[in-house]
Amino acid sequence: MASVSESRRVVVVGGGAAGASVAINLASHGLKPMVLETLREPESKVGECLPPTAAPILQRLGLADQLQRDGHLPSYGNRSVWGAPAPVERDFIFGTQGHGWQLDRARFEARLMDRARAEGVDWRGGVRLVECVWRDECWTLIVRTSSGDATLEADFVVDATGRASRLARRLGARQLRYDRLVGTACLLKSRSGNGIKDSFTLVEAVRSGWWYSARLPDEKLMAVFFTDHDLLDHEVLKADGWFALLRETEHTGRRVREGDYDPLAEPRVLAAHGSCLDVVAGERWLAVGDAAAAYDPLSSYGISAALGAGVYAASAIVDSLAGSRDALPAYRRIIEQSFAQYLIRHEEYYALERRWLDELFWKRRHEPVAQRA
Ligand SMILES: Cc1cc2nc3c(=O)[nH]c(=O)nc-3n(C[C@H](O)[C@H](O)[C@H](O)COP(=O)(O)OP(=O)(O)OC[C@H]3O[C@@H](n4cnc5c(N)ncnc54)[C@H](O)[C@@H]3O)c2cc1C
């Protein structure tokens, strides 16, 4: 690994899992990066299942023992009703990396932010990037805060802004979309305070898409209905319509009845399509996490991929600032190859569900990838 002067200024835009990971890993190389995050404090995000394969990256980030203390729930497996009416279980006990987790995302991201600050990262909440241009041999960034606009300079900038890829698209990268998936998510709470004890994440395919549900701390349950944005029935955007659709499902409906759950708020619609930038890194910039490549949540891969890519991104930045011409192309290859592997696995998994091939949602998923988006 090359060494690089700690005075080199790296600005990471976005303080989610990817931004935090790249900043913590840069700090471990002796740099003092700055993170700009729109949110003043971490807020709850949808997407809470962290599979056991995240264990090595949690260890590296110094979080392996922290999750239990922070009150996240261990998860011992996945149950899927996919391709046939009977549920199939995958118990994590048969793997080598222990159990997974059901995260409270606001708590998890707050812990990542604290960890970054403890490593010397200059973390600035409530700061939104609005412009970034290369001028006089460095980046000039215009940022917006509650007290007005300010200008910053950087030697290297990182796009960790999530699926929107705000910075990379400003720098000319194009986002390639592979499907039209959206999730309609609702947080539920047990009325009786007697929610389910079942720690498995449940995935259930239905005629118009699929559902997942995961138990969360404080007697809550997250349930999300996925379909394509152009197929979404507008009734589902209201809690009553969404809940009525949920009650039609066999297995998800049963766990909601057993735990006596009720929606806490109106459903939220979230982009959930697979996408990848045509170029994930260029001269003095790179994209990481969902900003570089975003995965269908069926994979439960987004958070661990974002944390893991932070390690590669940090190494590539350090090497590139030290003068290596190979570092950024090598980083690009890592992201592109892992996205290509994801596309193959994604296609294989959807191919297993053949019960509703007359429905557009499923028909699209049995077509060659390039024709879908
Ligand atoms: C419905 C749904 C369910 C999911 N379920 C799972 C799951 O069970 N398991 C899993 O692993 N993954 C899941 N995911 C995916 C997972 O949430 C993402 O992969 C993960 O959040 C990616 O982290 P990130 O840091 O790249 O992006 P994000 O978490 O999106 O963070 C980006 C950050 O950038 C900030 N930002 C944006 N623009 C600016 C700007 N201009 N200036 C400053 N800051 C900015 C945002 O405020 C945000 O905090 C799910 C996703 C969806 C939509």
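Residues numbered from 1 in each chain as written. Predicted model: local features only at pLDDT ≥ 70, side-chain atom pairs only at ≥ 80, totals over all residues. Heavy atoms only, no water.

### Quick notes on the pattern of salt bridges
To be explicit about the condition: The salt bridge criterion pairs a side-chain nitrogen of Lys or Arg with a carboxyl oxygen of Asp or Glu, the two atoms within 4 Å. A helix here means a DSSP run of H or I that spans at least four residues, while a strand means a run of E at least two residues long, and both kinds are numbered starting from the N terminus. Think of it in three bands: with a 1.4 Å probe and only protein chains considered, a residue is buried below 20% of the maximum accessible area for its type, exposed above 50%, and partly exposed in between.
Applying the stated criterion across every chain, the model contains 29 salt bridges. For Asp155, the salt bridge identified is with Arg8, shortest N-O distance 3.7 Å. With Asp155 in the loop between β11 (148–154) and β12 (156–159) and Arg8 in the segment before β1 (10–13), this residue pair connects regions lying 147 residues apart in the sequence. Look at Asp155 and you get buried, because its relative accessible area is 9%. Members of the salt-bridge network, linked through shared partners, are Arg180, Asp228, Asp230, Arg364 and Arg365.

### A word on the packing of helix α1 (residues 17–28) against helix α8 (residues 302–321)
For clarity, the cut-off: Interaxial angle, 0 to 180 degrees, is taken between N-to-C directions of lines fitted to C-alpha atoms, where a helix line uses only the stretch in contact. We call a crossing left-handed when the near helix sits turned anticlockwise from the far one by less than a right angle, and right-handed when that turn is clockwise. By definition in these notes, contact holds between two residues if any of their heavy atoms fall within 4.5 Å.
Packing of α1 against α8 brings their axes to within 7 Å, and their N-to-C directions diverge by 40 degrees. For α1 against α8, the interelement crossing comes out right-handed. Of the residues in α8, those in contact with Ala17, Ala18, Ser21, Val22, Asn25 and Leu26 of α1 are Ile303, Ala306, Leu307, Gly310, Val311, Ala313, Ala314, Ile317 and Val318.

### Quick word on the site of the ligand
Here is the rule: Each residue is tested against the molecule or strand, and it is near if at least one of its non-hydrogen atoms lies within 4 Å. Pairing of N or O atoms within 3.5 Å defines a polar contact, subject to two protein rules: one partner must be a possible hydrogen donor and the other a possible acceptor, and residues neighboring in sequence count only if both atoms are side-chain atoms. Only the protein chains shown count as cover for residues, and all accessible areas are computed by the Shrake-Rupley method using a 1.4 Å probe. Under the convention adopted here, Pro, Cys and the residues Ala, Val, Leu, Ile, Met, Phe, Trp and Tyr are nonpolar, Asp, Glu, Lys and Arg are charged, and Gly plus all remaining residues are polar.
For the ligand, the set of nearby residues contains 33 residues, the closest of which are Glu37, Cys49, Arg105, Asp290 and Ile303. Note that a nitrogen atom of the ligand is positioned 3.0 Å from one of the side-chain N or O atoms of Thr38. Lys45 places a side-chain nitrogen or oxygen 2.9 Å from an oxygen atom of the ligand. Relative to its unbound accessible surface of 1,000 Å², the ligand loses 91% to contact with the protein. Put simply, the parts of the chain that give the shell around the ligand at least two residues each are α1, β2 (34–37), β9 (128–135) and α8. Considering each element in turn, the shell around the ligand owes the most residues, 3 residues, to α8. Tallied by class, residues from the shell around the ligand come to 17 nonpolar, 9 polar and 7 charged.

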